[in-house]
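Examination of the molecular architecture
Take a look at the letters that make up each chain.
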Amino acid sequence: MKVFDKAQWHIDQGENTSEVIAKFKAVFSFLHAHKMLSAEGLEMYEFGIDSSISLNERMVTPDGYSFMDKYYDKVINCSAETISAELERTFSST
């Protein structure tokens, strides 16, 4: 199983927990808006994103997997304030 990212990885590297959670919320909101969350991903999104979140291949649809596999590493280093716009920009250019 491919794990795209885990919040705890960022937190363990010293990133601000609130910032990390905000990024993951933005990513999950983007995936939800573009219907790229699987049933499992949708359940996690609806349950709420916290520091225990992990984004893996079971949480996304095949289209979500393709998008995340190709572009996730390019956008994850954006700030929580800009990651949504960067995801949208990247999606629009594909």
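Use the structure listed above.
Everything in this summary refers to the structure shown in the same document. (Residues numbered from 1 in each chain as written. Predicted model: local features only at pLDDT ≥ 70, side-chain atom pairs only at ≥ 80, totals over all residues. Heavy atoms only, no water.)

Overview of helix 4 (residues 62-75)
Counted at 1.5 Å a residue, the expected span for helix 4 with its 14 residues is 20 Å, and the 19 Å between its end C-alpha atoms agrees. Maximal helix bending in helix 4 amounts to about 45°, located at Asp 69. Gly 64, Phe 67, Met 68, Tyr 71, Tyr 72 and Val 75 are the residues of helix 4 that are buried. In this structure, the buried residues of helix 4 make contact with strand 1 (3-6), helix 2 (17-33), strand 2 (54-56) and helix 5 (83-92). (Helix = DSSP H or I, 4+ residues; strand = E, 2+ residues; numbered from the N terminus. Expected span 1.5 Å × (residues − 1). Bend = angle between axes of the 7 residues up to and from the residue. Buried < 20%, exposed > 50% of the residue type's maximum accessible area, 1.4 Å probe, protein only. Contact = heavy atoms within 4.5 Å.)

Structural notes on the side chain of Lys 23
Looking at the secondary structure, you find Lys 23 in helix 2. When near neighbours in sequence (up to four residues on either side) are disregarded, Lys 23 contacts Glu 15, Ile 76, Asn 77, Cys 78, Ser 79, Ala 80 and Ile 83.

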